[in-house]
Protein chains: 2
Amino acid sequence: MTKTIFKTKSEGVNHMQKGKSSIAFEQPPIVASCASIAGKKEGEGPLGPLIDVVEQDEMFGTENWEQAESAMQKQAADLALEKGGIRRQEIRYLFAGDLLGQLIATSFGTVDMEVPLFGLYGACSTMAEALCLGSMTVHGGYADKVLCVSSSHFATAEKQFRFPLAYGNQRPFSATWTVTGAGAVVVAKGGNEPKGTPARITGITPGRIVDFGTRDSMNMGAAMAPAAFQTIRQNFEDFGVDETHYDRIITGDLGEVGSRILTDMMRQSGIDLKDRHMDCGMEIYNKESQDTHAGGSGCGCAAVTLCSMILPRLRSGEWKRILFLPTGALLSTVSFNEGQSIPGICHGVVLETCQ
Amino acid sequence: MTKTIFKTKSEGVNHMQKGKSSIAFEQPPIVASCASIAGKKEGEGPLGPLIDVVEQDEMFGTENWEQAESAMQKQAADLALEKGGIRRQEIRYLFAGDLLGQLIATSFGTVDMEVPLFGLYGACSTMAEALCLGSMTVHGGYADKVLCVSSSHFATAEKQFRFPLAYGNQRPFSATWTVTGAGAVVVAKGGNEPKGTPARITGITPGRIVDFGTRDSMNMGAAMAPAAFQTIRQNFEDFGVDETHYDRIITGDLGEVGSRILTDMMRQSGIDLKDRHMDCGMEIYNKESQDTHAGGSGCGCAAVTLCSMILPRLRSGEWKRILFLPTGALLSTVSFNEGQSIPGICHGVVLETCQ
């Protein structure tokens, strides 16, 4: 089979490059398989019955929280392969990341895979960053199958970014709750998709850093909403579409406060997202009974929601096309303590049903 | 212009995919421009006269070390564009990273670019990770030009990974000195390279994590040498070449101890690298007079050496083909204090002269 995958125009812009930032895949890579692992609290939330494995032990049988997060990544990766009937040797590259300094959950979680690793940091947007690069890699012919993994753990994140758990600090209502969970997605070459293939990745809109000067580390939704706004607008502009192009526009972990800011910003620019907008952070916990305040967050939030709820609804054909927009707050205790703002980033992935 | 860039064989492996891990670029992307910025100490070393800008103020005119590192990234990026006569708007994507938790040097250093960012973490291997993904992106037709940036700063790294500088701790001879420096490389579409183009990127060998169980954070060369060994062997195997294929095989920051381990491991597997091996960590400081013990390290080490010395020698034709192998020690104080080992990673990039 010989294919011509790009026809370069005289000005040097090829027809996969859409507008300023986006890429349209001519022969869309597919999500060949996916898996989600989460903790007890997430298992008690609305997505509980949809998550592949809910672990009751927050330590995942390990000695400390960081190892627990690594164990989740490994379990999610193994399960995604198993569900898809894919051997580890078929995975050519791994795109993975987490929230921890120097990506230690990923380093120790993926070492046994023995697959070349591209370590990624995009805060809670990491699953989208991985899907962008993974689908570019597969579509470019550099690999037939790649694995995209991301994770977060409530206890590793609190320890790193906020207070020791034993301190029992008060959390304002704008704060989110870091999801204990990991998601893994196998991206594979498209064409002749087998029945039951979860989705096709038809386009991406990698995002840029947007800094509106938010300095409240307990309100990350406010820090990320402008980045989500920017990426959604860029996606619409680049592909020449509007909100009606998508069945759902699904942000990562803006939570209640960030989601309100996003819908306000959209409305002010003349776009009413209405019921089309959904936020993984607001889907994963039960607001009334789970005391999670503004919602869920963390790399695991969007990853678990993607693998447990979004991809199945695309597989069933309930949704035809969605825009998946994990959002990241580029928060660090070092920059925060030095008085810096919290910039945001948001990468967009267009997922379509194979039905 | 219409090009066929991949011919998929029946078994689903295309001819850009070389062996288990590598990629050969059929129409090699080029290094269109590059720039290096470094601190006073690096300026006093052997590469001093070759570095574009040597800043005498370790604070780079900012209020703290992290901001100084961000300022270096920005300066390197701006200068690479300026030297190449390239407008910021021509850069479609940015691939960048540093050593700090949550990549704060990158977040604050690149925000003004207003270009979509793929944040990368590969410890000191980050410049190679960026070049791998950047060249795949350009060769795949997803962008005409991308920018790859990485940095490190002695003071931010010591603060994060080791002791407060004021503590004045003793450093063992196996310890390396984190380079204060940043490098920026513009990767662009190949074909009809203008005269003076620094180099072509003809292939890559992304590396996997290799963990030999090293637990000495003051001997990172030992932690990384097995990863360099693995990637070099993989490169030889995938491309069907041996050490004579390259004028130089240049590791990132193994330093004196790690380099000795690497050459020993190679010799035991029947390969004598002889004078072909070079290590950026051993090139950047004067061992006798600069008190840097085993050599230089940090994301900036390989990046500055690449932009100040390696690329110019390829541009002049002094070297025809080299294998660039930045190495990363996946060290974190959290995992280290929990008794974990220090895994290593090494990504390989094949650079050839345009002469």
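Report on the accompanying structure. This one's a predicted model, so the numbers in the text were calculated from it and none came from an experiment.

Calculation notes
Residues numbered from 1 in each chain as written. Chains lettered and ligands numbered in written order. Predicted model: local features only at pLDDT ≥ 70, side-chain atom pairs only at ≥ 80, totals over all residues. Heavy atoms only, no water. Contact = heavy atoms within 4.5 Å. Buried area = accessible area lost by both parts, 1.4 Å probe. Salt bridge = Lys/Arg side-chain N within 4 Å of Asp/Glu carboxyl O. Helix = DSSP H or I, 4+ residues; strand = E, 2+ residues; numbered from the N terminus. Nonpolar A, V, L, I, M, F, W, Y, C, P; charged D, E, K, R; others polar. Buried < 20%, exposed > 50% of the residue type's maximum accessible area, 1.4 Å probe, protein only. Polar contact = N/O pair within 3.5 Å; in protein donor to acceptor, adjacent residues only side chain to side chain. Least-squares fit on C-alpha atoms with pLDDT ≥ 70 in both. Phe/Tyr/Trp six-rings, centres within 6.5 Å; stacked < 30°, edge-to-face > 60°. Lys NZ or Arg CZ within 6 Å of the ring centre and 35° of its normal. Core = buried A, V, L, I, M, F, W, Y, C linked by side-chain atoms within 4.5 Å. 1 Å grid on protein atoms, 1.4 Å probe; cavity = no way out; pocket = protein on both sides within 12 Å on 5 of 7 lines; lining within 4 Å. Points joined across faces, edges and corners; volume = space filled by probe spheres on them.

## Description of the interface of chain A and chain B
(1) Moving on: Opposite the 76 residues of chain A that make contact, chain B presents 76 residues.
(2) Moving on: Where chain A abuts chain B, roughly 6,100 Å² becomes buried across the two surfaces, and 57% of that area is made up of carbon and sulfur atoms.
(3) Moving on: Where chain A meets chain B, there are two salt bridges.
(4) Moving on: Across the pair B:Lys159 and A:Glu338 runs a salt bridge, and its minimum N-O distance is 3.1 Å.
(5) Moving on: Element by element, the count of residues in the side of chain A that touches chain B is highest for helix α4 (residues 126-139) of chain A, at seven residues.
(6) Moving on: Within the side of chain A that touches chain B, the residues separate by chemical class into 34 nonpolar, 28 polar and 14 charged.

## Some thoughts on the pattern of salt bridges
(1) Moving on: Throughout the structure, instances matching the rule amount to 26 salt bridges over all chains.
(2) Moving on: Here A:Glu158 ties to A:Arg162 by a salt bridge, and the two come within 3.0 Å at their closest N and O atoms. The residues A:Glu158 and A:Arg162 share a single accessibility class, namely buried.
(3) Moving on: In this structure, B:Lys145 engages B:Glu90 in a salt bridge whose closest nitrogen and oxygen atoms are separated by 3.0 Å. Highlighted residues: B:Lys145 in strand β9 (residues 145-152) and B:Glu90 in the loop between α2 (65-84) and β7 (93-97), separated in sequence by 55 residues.
(4) Moving on: Where salt bridges share partners, they join A:Glu66, A:Lys159 and B:Glu338 into one cluster.

## Topic: the environment of B:Thr176
Residue and element names in this part refer to chain B.
(1) Moving on: Inspection of the secondary structure assignment puts Thr176 in the loop between α5 (154-161) and β10 (177-178).
(2) Moving on: Under the relative-accessibility criterion, Thr176 is labelled buried at 8%.
(3) Moving on: Expressed as a C-alpha distance, the spacing of Thr176 and Ser297, which sit 121 residues apart in the sequence, is 5.9 Å.
(4) Moving on: Setting aside chain neighbours within four positions, we find Thr176 in contact with Arg171, Met220, Thr292, Ala294, Gly295, Gly296 and Ser297.
(5) Moving on: One polar contact links Thr176 to Ser297, side chain to side chain, over a distance of 3.0 Å.

## Let's talk about the relation of the copies chain A and chain B
(1) Moving on: Rotating chain A by 180° about the axis while translating it 0.0 Å along that axis superimposes it on chain B, leaving an RMSD of 0.0 Å. Between the two chains, the operation in question is that of a two-fold axis.
(2) Moving on: Comparing interface residues between copies, 100% of those in chain A also sit at the interface in chain B, which points to an isologous, same-surface contact.

## Observations concerning the packing of aromatic side chains
When we look at a pair of aromatic rings, we describe it by the centre distance and by the angle of the planes.
(1) Moving on: If you walk through the whole model with that rule in mind, you get 10 aromatic pairs over all chains.
(2) Moving on: Each ring, one from B:Phe154 and one from B:Trp177, has its centre 4.1 Å from the other, and the planes form 5°; the classification is stacked. Residue B:Phe154 is located in helix α5, and its partner B:Trp177 is located in strand β10; the two are separated by 23 residues in the primary sequence. Summarising the burial analysis for this pair, B:Phe154 and B:Trp177 share the class buried.
(3) Moving on: On the numbers, 6.4 Å between centres and 20° between planes, the contact of B:Phe236 with B:Tyr246 is stacked. Taken together, the residues B:Phe236 in helix α6 (residues 220-239) and B:Tyr246 in the loop between α6 and β13 (248-251) connect sequence positions 10 residues apart.
(4) Moving on: Through a chain of ring-to-ring contacts, three or more aromatic side chains come together here, namely A:Tyr93, A:Phe95 and A:Phe118.
(5) Moving on: One cation-aromatic arrangement involves A:Lys41 over A:Trp177; the distance from NZ or CZ to the ring centre is 4.2 Å.

## Some points on the nonpolar core
(1) Moving on: One finds A:Leu147, A:Phe236, A:Leu262, B:Leu147, B:Phe236 and B:Leu262 to be the most contacted residues of the largest nonpolar core, which totals 120 residues.
(2) Moving on: Those residues in contact with B:Leu147 that sit more than four places away from it in its chain are B:Ala77, B:Ala80, B:Ile91, B:Tyr93, B:Leu94, B:Phe95, B:Met113, B:Ala184, B:Val185 and B:Val186.
(3) Moving on: Within the second largest apolar cluster, 104 residues are counted, among which are A:Phe25, A:Ile51, B:Ala143 and B:Tyr285.

## Some thoughts on empty space enclosed by the protein
(1) Moving on: All chains considered together, the criterion is met by 14 cavities of 30 Å³ or more.
(2) Moving on: Volume-wise, the largest cavity comes out at about 110 Å³.
(3) Moving on: In terms of lining, the largest cavity is formed by 13 residues, of which the most central are B:Leu99, B:Cys124, B:Phe161, B:Arg162 and B:Met220.
(4) Moving on: Residues belonging to the lining of the largest cavity are distributed by class as follows: nine nonpolar, three polar and one charged.
(5) Moving on: Reported here for the second largest cavity is a volume of approximately 90 Å³.
(6) Moving on: In this structure, the second largest cavity is lined by A:Leu99, A:Tyr121, A:Ala123, A:Cys124, A:Phe161, A:Arg162, A:Thr178, A:Met220, A:Ser297, A:Gly298, A:Ala329 and A:Leu331.
(7) Moving on: Each residue belonging to the lining of the second largest cavity can be placed in one class, and the counts come to eight nonpolar, three polar and one charged.

On their own, these measurements won't tell you what the molecule is for.
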